[in-house]
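Here is what each chain is made of, one letter per residue.
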Amino acid sequence: MKYSTLFGKTTKSAPHDAQSTNARLLTQAGFINQLMAGVYTYLPLGLRVLKKIQDIVRGEMNALGAQEIYMPALHPKDIYDTTGRWDKIDVLFKLEGHGEKEYALGSTHEEVVTPLVQQYIRSYKDLPMAVYQIQDKFRNEPRAKSGLLRGREFSMKDLYSFHTSEEDFLQFYERAKQAYLNVFRRCGLDAMIVEAGGGVFSKFSHEFQVATENGEDLVYRCACGFAQNREIAEVKAGDPCPSCQKGIIEEIKTIEVGNIFPLKTRFTDAFGFKVAGPNNEMMEVVMGCYGIGPSRVMGSIVEVHHDERGMIWPKQTAPFAVQLISLSSKDATLRENIEETCASLEKDLEASGVEVLWDDRDAGAGEKFADADLIGIPLRIVVSEKTLAEESVEWKERSETQSRFVKLADIIEEINEVTFLDRKTKTAHA
Ligand code: ATP
Ligand code: MG
């Protein structure tokens, strides 16, 4: 992909309310564009990242045995009347249609998924089963000033599981925890599992929290793995750990990137959803729900992985694996040579499964390097008069300060050896 034709360029300006690092960097680098507080357009670079995160989530959900569906975002009021949540969900966007009919924009989908599954699942033999979707959610958040961390429209993956017993549910719940940890690890985030309140549903839930200075949440944790969020914490900073008895509790700022809840029969009861058991008796259906916000994950990655010059994408979420930069020359023949070298490099790299963004603009080295640092693609490869004189390129990893020369003839081999790049397809010997 040539940068000169890419829609959405780097810009010096940032949204006036962009107090947060992720909003500022993502906007300046041309990944997102704010329509209003908490609502963003994803430009091509940003959309590539969002889709990569969603694909990581999708892969882990499929590995759990869950099936992907896609539910409507526009909901009728009556399903909320059934559960009594029409006036309980404080962030629900409500609207009126023709004939004074009332609707809501989905902030979560228990009211849709429960009666949906009820139509197809009749017997205990059909359980357990789990469905998920990746869809935009709408929440009338009072404060939406943290870029992608708190949107009024935002991407969520919501998974719902259905079981005939609490034991069966708990087994799935533990597997879901592992799947969540896999998601965050692959996204370059070190998430911890934190005990949290279960809201109206049950005594507990588990949050996945990432430590960062700009986090809105507070977590009390011990090195032993004990961690509670601020709503339920029975400890404070400096206390001895109630779990291991040896450690000392510390207080850290965090971002909640995921949350999983046991729902017991809260929703299945409301809709009268039961299944036929082995002796045709009616059995209760136990439910769980599991949320991850891919857009909040994207914002969190930026909060965690950046420096004063810009973003530093972890390999699996980077919009491209390589940023190729051609530096122009005053000499026409050399200029052509540089162009041709870049064109063939781009072709060879793409052929070996490496996605390339080629900065082919007629701009100076300073501007191109600054933009590359801002955009934060893991590997920068520069072709210039100087490098061509040595039949080489300049190779610099975004996370390193040093660069080095690599022979043109060796690039594909070198690329196959680096482990920090994401691949569309595995090469034979990779
Ligand atoms: P918070 O406490 O931060 O408001 P929540 O607990 O209400 O979030 P959940 O209902 O647990 O959120 O939603 C599941 C996941 O969806 C969250 O863990 C988070 O990753 C994401 N999410 C929730 N609200 C937002 C939002 N306003 N903007 C972006 N992502 C969100
Ligand atoms: Mg939550």
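The rules behind these values
Residues numbered from 1 in each chain as written. Chains lettered and ligands numbered in written order. Predicted model: local features only at pLDDT ≥ 70, side-chain atom pairs only at ≥ 80, totals over all residues. Heavy atoms only, no water. Helix = DSSP H or I, 4+ residues; strand = E, 2+ residues; numbered from the N terminus. Buried < 20%, exposed > 50% of the residue type's maximum accessible area, 1.4 Å probe, protein only. Core = buried A, V, L, I, M, F, W, Y, C linked by side-chain atoms within 4.5 Å. Contact = heavy atoms within 4.5 Å. Domains from an automatic or database assignment. Buried area = accessible area lost by both parts, 1.4 Å probe. Salt bridge = Lys/Arg side-chain N within 4 Å of Asp/Glu carboxyl O. Polar contact = N/O pair within 3.5 Å; in protein donor to acceptor, adjacent residues only side chain to side chain. Near = heavy atom within 4 Å. Areas by Shrake-Rupley, 256 points an atom, 1.4 Å probe, with all protein chains shown as cover. Nonpolar A, V, L, I, M, F, W, Y, C, P; charged D, E, K, R; others polar. Pairing = 2+ DSSP bridges. Axes fitted to C-alpha atoms, helices over the stretch in contact; angles between N-to-C directions. 1 Å grid on protein atoms, 1.4 Å probe; cavity = no way out; pocket = protein on both sides within 12 Å on 5 of 7 lines; lining within 4 Å. Points joined across faces, edges and corners; volume = space filled by probe spheres on them.

A. Just the environment of Glu102, in detail. Residue placement: Glu102 occurs in strand E6 (residues 102–105). Residue Glu102 is classed as partly exposed on the basis of its relative accessible area, which comes to 37%. Considered as a pair, Glu102 and Met192 are 90 residues apart in the sequence and their alpha carbons are 40 Å apart.

B. Representation of the nonpolar core. If you look at the biggest cluster of nonpolar residues, it comprises 55 residues, and the most contacted ones within it are Phe31, Phe184, Met298 and Trp313. The element contributing the most residues to this core is helix H5 (residues 166–186), with eight residues. In this structure, Trp313 is in contact with Leu26, Phe31, Val49, Met298, Ile301, Val302, Ala318, Pro319, Ile375, Gly376, Ile377 and Pro378, ignoring residues within four places of it in sequence. Met71, Ile79, Val117 and Leu263 belong to the second-largest nonpolar core, a separate cluster that totals 25 residues.

C. Structural context of the domain arrangement of the protein chain. Taken domain by domain, the protein chain holds domain 1 (3–307) and domain 2 (320–418). With 11 residues of domain 1 at the interface, the matching set in domain 2 holds 11 residues. Roughly 1100 Å² of surface becomes buried between domain 1 and domain 2 when both sides are summed, with 60% attributable to carbon and sulfur atoms. Of all residues in domain 1, Tyr3, Thr10 and Arg48 bury the most surface against domain 2, accounting for 47% of the area lost on that side. Between domain 1 and domain 2 we count three salt bridges in total. Remark: the boundary between domain 1 and domain 2 carries seven residue pairs in polar contact (both at pLDDT 80 or more). Of all the secondary structure elements, the ones that give two or more residues to the side of domain 1 that touches domain 2 are helix H1 (21–28) and helix H2 (44–63). With three residues, the top contributor of residues to the side of domain 1 that touches domain 2 is H2.

D. Seen up close, the site of ligand 1. Lining the immediate surroundings of ligand 1 are 15 residues, of which Glu141, Arg150, Gly151, Glu256 and Val257 lie closest. Here Gly151 contributes a backbone N or O atom positioned 2.8 Å from a nitrogen atom of ligand 1. Burial of ligand 1 by the surrounding chains reaches 83%, relative to a free accessible area of 590 Å². Secondary structure elements with two or more residues in the shell around ligand 1: strand E8 (153–163) and strand E13 (250–264). With five residues, the single largest contributor to the shell around ligand 1 is E13. Partitioned by chemical class, the residues of the shell around ligand 1 number six nonpolar, four polar and five charged.

E. Examining the sheet that holds strand E21 (residues 379–383) more closely. Taken together, the five strands give an open sheet; going across it, the order is E20-E19-E21-E22-E23, and neighbouring strands pair in mixed fashion. Strands with a single pairing partner mark the edges of an open sheet, and in this sheet they are strand E20 (356–359) and strand E23 (403–407). Across the sheet, the axes of successive neighbouring strands diverge by a mean angle of 25 degrees, strand direction being ignored. Pairing between E21 and strand E22 (residues 392–397): four bridges, direction antiparallel. Note on E22: the bridge partner recorded for Leu379 is Glu397. Contacting strand E19 (322–326), E20, E21 and E22, helix H9 (residues 365–375) crosses the sheet at an angle of about 175 degrees to E19.

F. Region of the structure containing the environment of Pro242. Along the chain, Pro242 falls in the loop between strand E12 (227–229) and E13. Not counting chain neighbours up to four residues away, the residues in contact with Pro242 comprise Phe226, Val235 and Ile249.

G. Local environment of empty space enclosed by the protein. Here the structure, examined in full by the defined rule, presents three cavities of 30 Å³ or more. Of the voids in this model, the largest cavity is the one considered here, and its volume is about 70 Å³. Surrounding the largest cavity, Gln323, Ala372, Asp373, Ile377, Pro378, Leu379, Arg380, Lys396, Glu397 and Arg398 form its lining. Among the elements of the structure, H9, E21 and E22 are those that each provide at least two residues to the lining of the largest cavity. Tallied by class, residues from the lining of the largest cavity come to four nonpolar, one polar and five charged.

H. Region of the structure containing the pattern of salt bridges. For the structure on display, the rule yields 27 salt bridges. Across the pair Arg58 and Asp55 runs a salt bridge whose closest N-O atoms are separated by 2.6 Å. Of the two residues, Arg58 and Asp55 both sit in helix H2, three residues apart, roughly one turn of that helix. Between Asp239 and Lys236 there is a salt bridge, with its nearest N and O atoms 3.3 Å apart.

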